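So you can see what is in the structure, the chains are spelled out below.
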Amino acid sequence: MPWAVRPPRLGREWVAAPDPATLRARWTALAAAEGAEQERLFRPARGRTPATGAAALPGQRSATAPFAVAPGPCPQPVRVLCAPFDEQWLLPDQRLIDAARPELWRVLDGHQLFLVETPEQPSVTAHLPVGRVGLVRPLYRRPGGAEPNLAPGLVALLGERYGGPVSAQDVLCWALAAARPGPRGAYEVPLTTDPECWRAGLELGHRLLTVQLRGAPGGDAPRLPGGRRPYVRSAVTAWPGGLAYDPETETLNLGDGSISPVPEGAWRYEAQGARVLEAWFAARAAHRVARAQGLEALEALGPAEWPQAWTSELLSLVTTLALLADLAPRRAAFEPGPPLPAAGLEAAGVLPAPRWARRPASVLDHREEGPGGQFALL
């Protein structure tokens, strides 16, 4: 997957939140402020201040004049991946984001999948990765699932080797099963000469993909078997002070609320050196921490009561982590078999990938509004 992009760098934490209502409240507060107060709330940095205009993000509707002059209506928040397995919402307004990576927004649609490089292993999401995640590799270079982001000729070569059609998603699934960190930090994805190994890796990779996507786009979310499926045993009626886990009863407690059974593998699941469930909860309590510290900032705006929707999200996350924990030994034991030599890929013209394949494709099928309402020439 030659084309890789760093994730959008937000520059200010308040432009993303775990619920869209919070983002609308923050937008309203910022738009109502004036002068020095608006600048303080905005948190200017680098090339973004309330006096800076910017083009509308591809596929999104937002004003383009400087925010201090004409903020315009609040754009519709979009679902994004803010941290490993942490799906939140973002205000898709380039005036508020330090480095929005428009090239990623141009290929964001219902067909796109993004491979994210994390220290432990690569992961896949259907949502745009932003913030503190690793390098992003889109599966497709153009909207509509057109032009796979693969070394030219690779799919045809693999189809000949393995005796059947190979899709871009097949290659992605193989990478999920077979990728290992290389000596310089980048992932290495060995290709096998054994068709049976290919099929075994493909089956494992498809399962990993299904679990990580949690039913997106347009599919059914995977579930644990009936006896292991987590349920809400008691509802959250007051804001929980934290998460607590009882391994004997496999119960996850959120204040006066509880969920069980929660497999210990889900509770202990880590990404980027932190337990995923604890990091997920901390992100949803961040506005209360800011408020307790007396910060008069947009980051302190958030729900006063625990949203019921978050408990549903937590159930889904527990299921995902439990399934991934179950698959971890199988993935660790997977051997891709005898490797396909790099010389063979070079002889077939697959490697090295041409320079154009490492750059964004030209997407010219729609107009993009630039700063001040002018249309951008791409």
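A short tour of the structure in this document, coming up. Note that this is a predicted model, so its numbers are computed, not measured.

## Comments concerning the pairing of strand 15 (residues 257–260)
Across the two faces of strand 15 the burial is the same, with Gly-257 and Ile-259 and Ser-258 and Ser-260 all buried. Pairing analysis gives three bridges linking strand 12 (residues 231–234) to strand 15, with the strands arranged antiparallel. From the neighbouring strand, Tyr-231 faces strand 15, where its bridge partner is Ser-260. Bridge count for strand 14 (residues 251–254) against strand 15 is three bridges, and the pairing is antiparallel. Within the sheet, the bridge partner assigned to Asn-253 lies in strand 15 and is Ser-258. Hairpin connection of strand 14 to strand 15: two residues between the antiparallel strands, including Gly-255 at a positive phi of 60°.

## Here's the deal with the pattern of salt bridges
This structure, assessed with the given rule, holds 17 salt bridges. Glu-13 is the salt-bridge partner of Arg-132, the closest N and O atoms lying 3.2 Å from each other. Residue Arg-132 is located in the loop between strand 6 (128–129) and strand 7 (136–138), and its partner Glu-13 is located in the segment before strand 1 (16–17); the two are separated by 119 residues in the primary sequence. The exposure class of Arg-132 is exposed, given its relative accessible area of 62%. Glu-264 serves as the salt-bridge partner of Arg-268, at 2.8 Å between the closest nitrogen and oxygen. You can see Arg-268 and its partner Glu-264 sitting in helix 7 (residues 264–268), four residues apart, about one turn around the helix.

## Topic: the side chain of Gln-212
Among the structural elements, Gln-212 can be located in helix 6 (residues 195–213). What Gln-212 contacts, discounting residues up to four positions off in sequence, is Gln-121, Pro-122, Ser-123, Val-124, Leu-176 and Leu-324.

## Quick notes on the nonpolar core
By size, the foremost hydrophobic cluster in this structure holds 65 residues, and its most contacted members are Leu-252 and Leu-277. Of all the elements in the fold, those that place two or more residues in this core are helix 4 (154–162), helix 5 (168–178), helix 6, strand 13 (243–246), strand 14, helix 7, helix 8 (276–292) and helix 9 (308–333). In terms of residue count, the dominant contributor to this core is helix 9 (10 residues). Leu-252 has contacts with Leu-243, Ala-244, Tyr-245, Gly-257, Ser-258, Ile-259, Val-262, Trp-267, Leu-277, Leu-314 and Val-318, leaving out every residue within four places of it along the chain. By size, the runner-up hydrophobic cluster in this structure holds 31 residues, among which are Ala-33, Phe-67, Leu-91 and Ile-97.

## Section: the state of the cysteines
Across all of its chains, the model carries zero disulfides by this definition. For the unlinked cysteine Cys-82, the closest cysteine sulfur is that of Cys-74, found at 16 Å. Cys-173 takes part in no disulfide bond, and the closest cysteine sulfur to it belongs to Cys-197, at a distance of 17 Å.

## Brief notes about the environment of Leu-108
Within the element layout of this structure, Leu-108 appears in the loop between helix 3 (102–106) and strand 4 (114–116). Put simply, Leu-108 and Gly-145 are 37 residues apart on the chain and 9.8 Å apart in space, counted from C-alpha to C-alpha. If near-sequence neighbours (up to four positions away) are discounted, Leu-108 is found in contact with Phe-114, Ala-126 and Leu-128.

## A short note on the side chain of Glu-299
Here Glu-299 shows up in the loop between helix 8 and helix 9. Separated by 2.8 Å, the side chains of Glu-299 and Arg-43 make a polar contact. Contacts of Glu-299, omitting those with residues within four sequence positions, involve Glu-13, Trp-14, Arg-26, Arg-43, His-287 and Ala-290.

## Details of the packing of aromatic side chains
Across all of its chains, the model carries 12 aromatic pairs by this definition. On the basis of an interplanar angle of 20° and a centroid distance of 4.5 Å, the ring pair of Tyr-162 and Trp-198 is categorised as stacked. Here Trp-198 lies in helix 6 and Tyr-162 lies in helix 4, a separation of 36 residues in the sequence. Note on accessibility: Tyr-162 and Trp-198 belong to one class, buried. Their ring planes at 75° and their centres at 5.4 Å tell us that Trp-239 and Trp-306 sit as a pair that is edge-to-face. Here Trp-239 is found in the loop between strand 12 and strand 13, whereas its partner Trp-306 is found in the loop between helix 8 and helix 9, with 67 residues between them in sequence. Site record: aromatic cluster; members linked through ring pairs are Trp-239, Trp-280, Phe-281, Trp-306 and Trp-310.

Thresholds, definitions, all that
Residues numbered from 1 in each chain as written. Predicted model: local features only at pLDDT ≥ 70, side-chain atom pairs only at ≥ 80, totals over all residues. Heavy atoms only, no water. Buried < 20%, exposed > 50% of the residue type's maximum accessible area, 1.4 Å probe, protein only. Helix = DSSP H or I, 4+ residues; strand = E, 2+ residues; numbered from the N terminus. Pairing = 2+ DSSP bridges. Salt bridge = Lys/Arg side-chain N within 4 Å of Asp/Glu carboxyl O. Contact = heavy atoms within 4.5 Å. Core = buried A, V, L, I, M, F, W, Y, C linked by side-chain atoms within 4.5 Å. Disulfide = S-S within 2.5 Å. Polar contact = N/O pair within 3.5 Å; in protein donor to acceptor, adjacent residues only side chain to side chain. Phe/Tyr/Trp six-rings, centres within 6.5 Å; stacked < 30°, edge-to-face > 60°.

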